[in-house]
Amino acid sequence: MESLNPRIRLLWIAQGVLVAAVLGVVLAAVDQWVRPVPTAALGAVVALVLAAGTLYAIRLYQIWQFELQDDALYLERGVVTLVETAVPFVRVQHVDTQFGPIERALGLSSVVVYTAGSRNADVRIPGLTPDRARELQDALRDLAIESEADDAV
Amino acid sequence: MNRLHPLSAAAYALQYGFFWLWIPVVFVVVLSGIFDPIRAAWVPIAAPLGFLFGTAYGVVYYYRFGYEITSDTVDVASGVVARRDREIPYGRIQNVDIRQSVFQRLFGLATVSIETAGGGDTEAALNFVSETEANRLQAEIRRRTAEAKDRRRERKRDRSVAGTDSTVVGPEPPDVEEGDASVPSEDVSSGSDAERPPEAGEEPRAAEDGTRVRSRRPAEEPAQEGTTLGPVADRDRREDPTRHPQQQPLFDLEPRELLLYSFTSFRPAAVAAALFVFFFATETILEAFITAAQPFGGPADLGTGDPASYGILTIVSGVISILVTYAISVAYTFATYYDFQLGRVGDDFVYERGLLQRYSGSIPAEKVQSVTVTDNPLQRLIEYGGLWVETAGYGPESNGGSQSAVPLAKHGRVYRFAENLTGVETPSFESPSPIARRRYAVRYSLVAAAFVAIAFGVSTLTPFESWYVAAAAFLAVPPAAHLRYVHIGYYVGDDHLVIRSGFWRRRTTVIPYYRIQTVSARRSIFQRRLGLASLVVDTASSRSFFWSSTTIYDVDLEDARAVREASRERLQTALRERAEADDVGLSVDFT
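Residues numbered from 1 in each chain as written. Chains lettered and ligands numbered in written order. Predicted model: local features only at pLDDT ≥ 70, side-chain atom pairs only at ≥ 80, totals over all residues. Heavy atoms only, no water.

J.: Quick rundown of the packing of aromatic side chains? Include the residues and the values.
T.: How two aromatic rings sit relative to each other is set out by the distance from centre to centre and by the angle between their planes. For the structure on display, the rule yields 22 aromatic pairs over all chains. Aromatic pair F456 of chain B and W467 of chain B: ring centres 4.9 Å apart, planes at 80°, arrangement edge-to-face. Of this pair, F456 of chain B sits in helix α14 (residues 435-461) while W467 of chain B is found in the loop between α14 and α15 (477-486), placing the two residues 11 residues apart along the sequence. Judged by its relative accessible area of 42%, F456 of chain B is partly exposed. Clustering of aromatic rings is evident, with ring pairs tying together Y12, Y16, F19, W20, F53, Y57, Y61 and F65 of chain B. In this arrangement the basic side chain of R86 of chain B is found over the ring face of Y114 of chain A, its NZ or CZ atom lying 4.8 Å from the centre. (Phe/Tyr/Trp six-rings, centres within 6.5 Å; stacked < 30°, edge-to-face > 60°. Helix = DSSP H or I, 4+ residues; strand = E, 2+ residues; numbered from the N terminus. Buried < 20%, exposed > 50% of the residue type's maximum accessible area, 1.4 Å probe, protein only. Lys NZ or Arg CZ within 6 Å of the ring centre and 35° of its normal.)

Right, dumping it as structure tokens:
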């Protein structure tokens, strides 16, 4: 089983910071327009969200694992609900590599695998180095082309 | 990497310019209300800055967008800051569409969209390229897709020859797959097809906004239109019984079954209809309620009355509303499923139904993903059930999802249908772990506790005082938990997985292994503590809003893992077998 790049924790923490910031602005707006909110309460809420977000990010990193097995891509992830998914290569429709602004700054990239399914139809593996993402994309593409199915659905 | 037509740069610049114009404006206005140093007077500066930024973004977007046709995939790379590199293997491409709006036609431009199975979105949209380039792309992708298919077929043949270790010397054994393999070779090699007249699989269509769409299935499948729904004039069907000469009738809904179906099923749409009527004529209806409640001791009018008479009014109007909604639901079901007929034409199931407006549709057998038998408590009481067929849909006019194949019939008949249709053996269901029942009891107790808490909250705000009466909700917890538990079951068959769950709307779904897309074992923190897992089996169907994915709830982790491994293995075996047998996998004898 392969783990993600440790830097992914920074991305997830950054997402937590973003949530905390939005929450802070919302509380400030409530303070301004609806009813006064004590600054200490505001700070406490923001700090709590930050702490929870950081713990969540660290735990998620510990849990996240994936593997290319002989017939399927296998993933384990999730803090609250642990999900183990197997995506057979025959079912892979197409493969993306993606990265957003924060991922780019951290030198990370994601691979997204699409199936024709209705739920879990796109499976994302975040936190890969760009080289590894490319490699995985190529491997998955070759495996998808090689594994034959008359109809993908 | 190829670029789009240079005019798209201008189009993107304008599009993003006007989009980004608003973002700083909204930001400044909102933040100026919250934080003092930011002032609303900055808007005239912020707006043009936003526009400029958007324009620049649009131009950069154009320069950063590339597409390429490689030997095994179509690649599309896009994104300015966030990047996306997409590779679509030819084998998975279902459709290549060329769209032209009025403006695009004026400038000789076109939008090419490439679709694969599943997913609502277009997988790759080239917005836009020149007309000649669009035609070239369509032809090229089609050629490569056909090649990919041929290669696959050859490999398969090689393998089967090697596998049987044939001693045949000389001419190749006759190709058993000829029927399927008849890709017209001259068609594949004839380069540009711009001048050729439209043919099957390539139909010019006019969308409502004057956009011209040309769609093409590159794999040269027979013109398979998925499910075509639409009103058919009743008299057409009646006067021309020879329209489907080879149609083989499979099921007719008898009047008795239609009535039973109408009275035992409930349509949520009826609630919406009743609410709509209520909002439309609120006053008249309120007056009618008051008049109806008066004989039972209701208030003389809305203004005067005591708590008791208001209570009576509430009860009377509640009963009337429920009855009316039920009546609407019955009428709606009756009109929708009146004279339902199911038949078979070639590889497709065709159905017809409707009283005021006849609907007919087809269910392509090769697109069938799973088959579901549904029933509600009332229907179970009289031992009836309905059969639904889930198909995968793609393309602009086909819609996947659930279609009713048998609205209602005796359980025995429905199960026989389902077994004949899929070839599944009669399942013997296994139950989830008994711990699950405890889990549901805890869950429903929490719901009951919340209910009591709400009642208590209401009692503090209103004259209503006996909130503890709500505690009666706890009495419903044990039966509710038990009923949920006993209606969960699963069966791991030779070629199929059968999954059952639900009390109010029990669904028994038969999924052939070769239709499985992904299998996931999910464990929430509570499930992990109890050593349970839920297994979610995803197929390309059931995309509908109301029907959740088929899930085996709360089995022991070991069992869940075993079922997952079994499904994976059997998917591979089934795919191999299918590749060898090359059949549709559905029995033709439905009855």
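Now that the structure is up, let's keep going.
J.: Give a detailed account of the UniProt feature "transmembrane region" (unreviewed entry) in chain B, specifying residues and quantitative values.
T.: Residue and element names in this part refer to chain B. The feature "transmembrane region" (unreviewed entry), as annotated in UniProt, sits at residues 12-35, 41-63, 269-290, 310-334, 441-461 and 467-486 in this numbering. Between the end C-alpha atoms of residues 41-63 there is a gap of 35 Å, over a span that is 91% helix and 0% strand. Between the C-alpha atoms that bound residues 269-290 there is a distance of 26 Å. The span itself is 95% helix and 0% strand. (UniProt positions renumbered as here; feature names shortened; annotations may be inferred.)

J.: Before we move on, can you summarise the interface of chain B and chain A with the specific residues and values?
T.: Taken together, the contacts link 58 residues of chain B with 54 residues of chain A. Of the roughly 5,000 Å² buried between chain B and chain A on both sides combined, carbon and sulfur atoms contribute 44%. Broken down residue by residue, the surface that chain B buries against chain A is led by E87, R92 and R568 of chain B, which jointly contribute 15%. For the pair chain B and chain A, the number of links is 8 salt bridges. (Contact = heavy atoms within 4.5 Å. Buried area = accessible area lost by both parts, 1.4 Å probe. Salt bridge = Lys/Arg side-chain N within 4 Å of Asp/Glu carboxyl O.)

J.: Help me get a handle on the sheet that holds strand β6 (residues 109-115) of chain A, residues and values and all.
T.: The antiparallel open sheet is built from 6 strands, whose spatial order is β7(A)-β6(A)-β5(A)-β3(B)-β2(B)-β1(B). Each of the sheet's edge strands pairs with one partner strand only, and the pair in question is β7 (122-128) of chain A together with β1 (66-69) of chain B. Sheet twist, expressed as the mean angle between neighbouring strand axes with direction ignored, is 15°. Both strand β2 (residues 73-78) of chain B and strand β3 (residues 83-89) of chain B contribute to a ladder of 6 bridges, which runs antiparallel. Bridged to A77 of chain B within β3 of chain B is D85 of chain B. (Pairing = 2+ DSSP bridges. Axes fitted to C-alpha atoms, helices over the stretch in contact; angles between N-to-C directions.)

J.: Would you mind going over helix α13 (residues 411-422) of chain B in detail, with residue names and values included?
T.: Residues and elements named next belong to chain B. Relative to the 16 Å expected for 12 residues at 1.5 Å per residue, α13 spans 16 Å between its end C-alpha atoms, a close match to the ideal helical length. Along α13, the residues that are buried comprise H411, V414, F417, A418, L421 and T422. End-on, the buried residues of α13 take up no more than an arc of 130°, which puts them together on one face. G423 sits one or two positions beyond α13 and adopts a positive phi of about 80°. (Expected span 1.5 Å × (residues − 1). Arc of directions from axis to C-beta.)

J.: Please set out the pairing of strand β4 (residues 81-88) of chain A residue by residue, giving values where relevant.
T.: With respect to burial, β4 of chain A is a largely interior element, 7 of its 8 residues being buried. The pairing of strand β3 (residues 72-77) of chain A with β4 of chain A spans 6 bridges and is antiparallel. Residue pairing in the sheet places R77 of chain A in a bridge with V83 of chain A of β4 of chain A. Where β3 of chain A folds back onto β4 of chain A in an antiparallel hairpin, the turn is made up of 3 residues, including G78 of chain A, whose phi is positive at roughly 110°. Direction of pairing for β4 of chain A relative to strand β20 (residues 518-524) of chain B: antiparallel, over a ladder of 6 bridges. Each residue of the ladder has a partner; that of V83 of chain A, found in β20 of chain B, is R522 of chain B.

J.: I'd like a rundown of the sheet that holds strand β2 (residues 65-68) of chain A, residues and numbers included.
T.: Spatially, β1(A)-β2(A)-β3(A)-β4(A)-β20(B)-β21(B)-β22(B) is the arrangement adopted by the 7 strands of the open sheet, whose pairing is antiparallel. Unpaired on one side and paired on the other, β1 (2-3) of chain A together with β22 (550-556) of chain B mark the two borders of the sheet. Here 4 bridges tie β2 of chain A to β3 of chain A, and the two strands are oriented antiparallel to one another. Directly across from Q65 of chain A, in β3 of chain A, lies its bridge partner E76 of chain A. Where helix α4 (residues 130-146) of chain A meets the sheet, its contacts fall on β1, β2 and β3 of chain A, and the angle it forms with β2 of chain A comes to roughly 45°.

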